[in-house]
Amino acid sequence: MASAFGAPVDSVLPVPGSELIIRLLPSALGASSRQICLGRATYADHAIAWRAAGAAIREVDDPLSADPDEDVVICNPNNPTGQTWEPAALEAAWAAREGTDRWLIIDEAYADLTPTRSLAPSGGRDGLVILRSFGKFFGLAGVRLGALIAPGPVIKAVEQLLGQWAVAGPALWLGTRAYADRGWQEQTRQRLQQGQETLDHALHEAATAYQLTIEGGTALFRYVRVRDAHALWFALARSGVYVRRFRWSPHHLRIGLPSDTQGLERLREAVTPSA
């Protein structure tokens, strides 16, 4: 993992999925005394976990605009919008908190798609926590694997919360081989990029019927704005295509990359006016 991420070895802790660490971090860092600043349109479980642990939550358009006395939680790339932040901007946000008790927490669940934007090479610094996910890029549903990249005291605190043998042997075996296969990783990035372009073309065909505009996303999903998100969601559901809708917006959907040609055709048929 450390080699694949470019992170210092002693800063990386294999964990049974990044989702669990999202739940444990408030306990490891002491939630009750913290003001957490995060994006309005981002992965909701971060706010849920910190709020449940007693932290104060402030949602903004750009988390990096937070005051230095606030902790920042940011997804890079962001889920669901796909927005990304350059390492220099993240480094500046960390530097503004250096020497304080404030944290920059980066959820890099989708960072394997764009590894040059990862802050993992800076792993182990005080005030910096990074979460990595295995399944978003490598797939293999059911393999509970991820990584916490953090300074030593946080690693130890999370280890104590996880207990012994936190990651299953088969997950370690698969992860070791997957992270070492750099050729497969590069080929997969190219294949996903091609798949994204094909999906974009199919979605453009729905632009007139649903007033659809692609506003962002990653090579694994597209973030779109439509006239009526529920109407398009329902049309897709009737064709057996499930996409993500959001309580906070009647106009946005997240549409995942179809896994094969058959799935793409089913999506294309569902979004045409005749459907």
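For every chain, the first residue of the written sequence is number 1, and numbering continues from 1 onward in sequence order. The model is predicted, so local features are restricted to residues of pLDDT at least 70 and side-chain atom pairs to those at 80 or more, both for listing and for counting; the totals for chains, interfaces and linings are taken over all residues. Only hydrogens and water are set aside when side-chain values are computed; all heavy atoms of the structure are taken into account.

S.K.: Tell me what's going on with the side chain of Ser122, and back it up with residues and numbers.
M.R.: Numbering of helices and strands starts at the N terminus; helices are DSSP runs of H or I of at least 4 residues and strands are runs of E of at least 2. Inspection of the secondary structure assignment puts Ser122 in the loop between strand 5 (104–107) and strand 6 (128–133). Relative accessibility under 20% of the residue-type maximum defines a buried residue, over 50% an exposed one, and the middle range a partly exposed one, all with a 1.4 Å probe and only protein chains included. Judged by relative accessible area, Ser122 falls into the buried class, the value being 11%. Polar contact is the term for a pair of N or O atoms within 3.5 Å; when the atoms are in protein, one must be able to donate a hydrogen and the other to accept it, and sequence-neighboring residues count only if both atoms are side-chain atoms. Polar side-chain contacts of Ser122 include one of 3.0 Å to the side chain of Glu91. In what follows, residue pairs with any heavy atoms lying within 4.5 Å of each other are defined as contacts. Setting aside residues no more than four positions away along its own chain, Ser122 makes contact with Glu91 and Leu128.

S.K.: Just give me the short version of the nonpolar core, but keep the residues and values in it.
M.R.: Residue types Ala, Val, Leu, Ile, Met, Phe, Trp, Tyr and Cys, when buried and joined through side-chain atoms within 4.5 Å, form a set referred to as a nonpolar core. In this structure, Phe5, Ile74, Leu104, Ile106, Leu128, Phe134 and Ile149 are the most contacted members of the largest nonpolar core, which totals 36 residues. Where this core is concerned, the elements lending two or more residues are helix 1 (2–5), strand 4 (71–75), helix 4 (87–95), strand 5, strand 6, helix 5 (135–138), strand 7 (146–149) and helix 7 (169–180). In contact with Phe5, not counting residues within four places along its chain, are Ala120, Pro121, Arg132, Ala147, Ile149 and Tyr179.

S.K.: A description of the sheet that holds strand 7 should follow, citing residues and the corresponding values.
M.R.: Two strands qualify as a pair provided that DSSP identifies no fewer than 2 bridges between them. Spatially, seven strands are ordered 1-7-6-5-4-2-3 in an open sheet, and the strand pairing comes out mixed. Edge positions in the sheet fall to strand 1 (12–15) and strand 3 (56–60), since each of these pairs with one other strand and no more. Direction aside, neighbouring strands of the sheet carry axes that sit 20° apart on average. Fitted lines through C-alpha atoms give the axes, limited to the stretch in contact for helices. The angle between two N-to-C directions lies from 0 to 180 degrees. This element, helix 3 (residues 44–52), spans strand 2 (35–39), strand 3, strand 4, strand 5 and strand 6 of the sheet and lies at about 155° to strand 3.

S.K.: Give me the lowdown on the packing of aromatic side chains, citing residues and values where you can.
M.R.: Stacked, edge-to-face and tilted labels apply to pairs of Phe, Tyr and Trp rings (six-membered ring for Trp) whose centres lie within 6.5 Å, assigned for plane angles under 30 degrees, over 60, and everything in between, in that order. According to the stated counting rule, one finds 10 aromatic pairs in the structure shown. Between Phe5 and Tyr179, the aromatic rings sit 5.4 Å apart at their centres with planes inclined by 85°, giving edge-to-face as the arrangement. Placement of the pair is Phe5 in helix 1 and Tyr179 in helix 7, with a sequence separation of 174 residues. Residues Phe5 and Tyr179 agree in their burial class; the two are buried. When the ring of Phe246 is compared with that of Trp248, the centres are 4.7 Å apart and the planes differ by 25°; the resulting orientation is stacked. Of the residues examined, Phe246 reaches a relative accessible area of 14% and is grouped as buried. One aromatic cluster is present, built from ring pairs that chain together Phe5, Phe134, Phe137, Phe138, Tyr179 and Trp184. Here, a charge over a ring means that NZ of Lys or CZ of Arg falls within 6 Å of the ring centre while also lying within 35 degrees of the ring normal. Positioned above the aromatic ring of Trp94 is the side chain of Arg125, whose terminal nitrogen or guanidinium carbon lies 4.5 Å from the ring centre. The positively charged end of Arg254 is found above the aromatic ring belonging to Phe221, 4.9 Å away from the centroid.

S.K.: Summarise the layout of surface pockets; cite the residues concerned and give the values.
M.R.: What the largest pocket holds in volume is close to 880 Å³. The distinction between a cavity and a pocket rests on a 1 Å grid over the protein atoms alone: a 1.4 Å probe fits inside a cavity but cannot get out, while a pocket stays open yet meets protein on both sides within 12 Å along at least five of seven lines, and a residue with an atom within 4 Å of a point counts as lining. The wall of the largest pocket is formed by 39 residues, among which Tyr110, Gly135, Lys136, Phe137 and Leu220 lie closest to the centre. At the level of elements, helix 2 (18–29), helix 5, helix 8 (182–204), strand 11 (249–256) and helix 11 (261–271) are the ones that each hand at least two residues to the lining of the largest pocket. Considering every element that reaches the lining of the largest pocket, the biggest residue donor is helix 8, with five residues. Residues are grouped as follows: Ala, Val, Leu, Ile, Met, Phe, Trp, Tyr, Cys and Pro are nonpolar; Asp, Glu, Lys and Arg are charged; every other residue, Gly included, is polar. Within the lining of the largest pocket, the residues separate by chemical class into 19 nonpolar, 12 polar and eight charged. Grid points are joined across faces, edges and corners, and a volume is the space filled by probe spheres set on the points. Counted as a void, the second largest pocket has a volume near 420 Å³. Contributing to the lining of the second largest pocket are 19 residues, with Thr42, Tyr43, Ala44, Phe246 and Trp248 lying nearest its centre. For the lining of the second largest pocket, the element with the highest residue contribution is helix 3, accounting for five residues. Residue composition of the lining of the second largest pocket, grouped by class: eight nonpolar, three polar and eight charged.

S.K.: Break down the sheet that holds strand 8 (residues 213–217) for me, citing the residues and quoting the values.
M.R.: The four strands are arranged 8-9-11-10 in an open sheet whose pairing can be described as antiparallel. Bordering the open sheet on either side are strand 8 and strand 10 (244–246), each of which pairs with just one other strand. Between one strand and the next, the sheet's axes are offset by a mean angle of 30°, whatever the strand orientation. Across the sheet, helix 8 is in contact with strand 8, strand 9 (221–225) and strand 11; its angle to strand 9 comes to roughly 25°.

S.K.: Go over helix 3 with me, naming the residues and quoting the values.
M.R.: Within the span of helix 3, buried status applies to Asp45, His46, Ala47, Ala49 and Trp50. Buried-residue contacts for helix 3 involve helix 2, strand 2, strand 3, strand 4, strand 5 and strand 6. Trailing helix 3 by a residue or two, Gly54 shows a phi angle of about 100°, which is positive.

S.K.: Go over the pairing of strand 2, please, and point to the residues and values.
M.R.: With four of five residues buried, strand 2 lies mostly within the body of the structure. With five bridges connecting them, strand 2 and strand 3 associate as parallel partners. Across the sheet, residue Gly39 finds its bridge partner in strand 3, namely Val60. With its strands directed away from the observer, a crossover is right-handed exactly when the path from the first strand over the helix to the second travels clockwise. A crossover connection joins strand 2 to the parallel strand 3 through helix 3; in handedness this β-α-β unit is right-handed. Strand direction decides the pairing type here: strand 2 and strand 4, joined by three bridges, are parallel.

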